[in-house]
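Results of the structural survey
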Amino acid sequence: MRIVVIGGTGLIGSKVVSLLTEHGHEAVPASPNSGVNTVTGEGVKEVLQGADVVVDVSNSPSFADDDVMAFFRAATTNLTEAAKGAGVGHYVALSVIGSDRLPESGYLRAKVAQEKLIKESGLPYSIVRATQFFEFASAIADSATEGTTVKLPDAGIQPIAAAEVSGKVAKVAAGTPLNGLTEIAGPEVFTMAGWIQEALTFRKDPRQIVTDAEARYFGEKPGPQGLLPGEGAELAKVKFADWLPANPPVKK
């Protein structure tokens with residue numbers, strides 16, 4: 001199949017392209033650097049010509065509430081319209097577990113809006129919801145740091161390696177449209193404080209972790225269950241402690 005991967009040069013997308021190529025598909029990475037801008041529409045119709053599947057794993061360059069909403073609305077509208085015009089038979093998008101439970105988060109509201117546009121497009125579709133990636137533990141700590149203290153919400157979290165998310169997205173893209181949602185999460189449940197503490201301890205980072213009832217995550221107080229997958233979610237295999245030694249911090 002010819003599968004166009006929007007955001008195909010990023011953390012998830014580059015792995016999706018590699019996996020699909022290894023399995024004999026024609027995987028086409030598309031991004032602003034390759035002349036495809038989903039927000040303006042530049043190059044979108046052209047890259048989707050002859051495509052069997054489009055996979056959207058792109059992300060907004062700004063996480064400000066208005067910016068991220070504008071990004072996902074424009075990008076998804078342009079993509080779905082172009083996909084319909086090109087006769088694309090399967091629209092796959094990566095989203096976030098807990099999006100519809102956390103309306104105070106501008107980012108997650110935007111992901112819900114993206115999902116709604118896809119569902120209402122009339123295209124056969126699959127939405128893959130995932131938990132937070134291992135790769136962003138250090139960036140989360142940095143964003144929550146005040147002086148030498150990291151203030152984190154009282155939240156459960158089930159983080160996952162980006163490579164396993166990519167594997168799930170690639171598998172879904174090569175399969176039959178679900179016309180619904182599927183979830184994938186890491187194999188272990190942490191408190192957010194416990195997860196970030198493990199990352200900092202491994203990297204000999206002296207910052208102190210504090211659980212703060214007023215601390216927010218993407219603008220929301222997620223609570224103990226807000227970020228956790230539902231029953232029936234696929235659980236990945238790689239544990240955080242096994243992943244850490246080979247993976248340096250990634251800036252989010």
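Since the model is a prediction, treat every value here as computed from it, not as a measurement.

The rules behind each value
Residues numbered from 1 in each chain as written. Predicted model: local features only at pLDDT ≥ 70, side-chain atom pairs only at ≥ 80, totals over all residues. Heavy atoms only, no water. Helix = DSSP H or I, 4+ residues; strand = E, 2+ residues; numbered from the N terminus. Buried < 20%, exposed > 50% of the residue type's maximum accessible area, 1.4 Å probe, protein only. Pairing = 2+ DSSP bridges. Contact = heavy atoms within 4.5 Å. Axes fitted to C-alpha atoms, helices over the stretch in contact; angles between N-to-C directions.

So, unusual backbone geometry
- The residue Lys-204 is not glycine, and still its phi comes out positive at about 55 degrees.
- The residue Lys-204 is located in the loop between α7 (192-202) and β11 (208-211) in this model.
- Even without a glycine there, the phi angle at Phe-218 is positive, about 55 degrees.
- Checked against the element boundaries, Phe-218 lands in the loop between β11 and β12 (234-235).
- Assessed through its relative accessible area of 27%, Phe-218 is described here as partly exposed.

Notes on the sheet that holds strand β9 (residues 180-185)
- Ordered in space as β2-β1-β3-β4-β5-β9-β12, the seven strands form an open sheet in which the pairing is parallel. The open sheet terminates on both sides in strands that have one partner only, identified here as β2 (26-30) and β12.
- In the sheet, strand β1 (residues 2-6) pairs with strand β3 (residues 53-56) via four bridges, with the strands oriented parallel. By the bridge assignment for β3, Ile-6 is matched with Asp-56.
- Of the strands in this sheet, β1, β3, β4 (90-96), β5 (125-130), β9 and β12 touch helix α6 (residues 162-173), which is tilted by about 155 degrees from β4.

So far we have only geometry, and geometry alone does not tell us how the molecule works.
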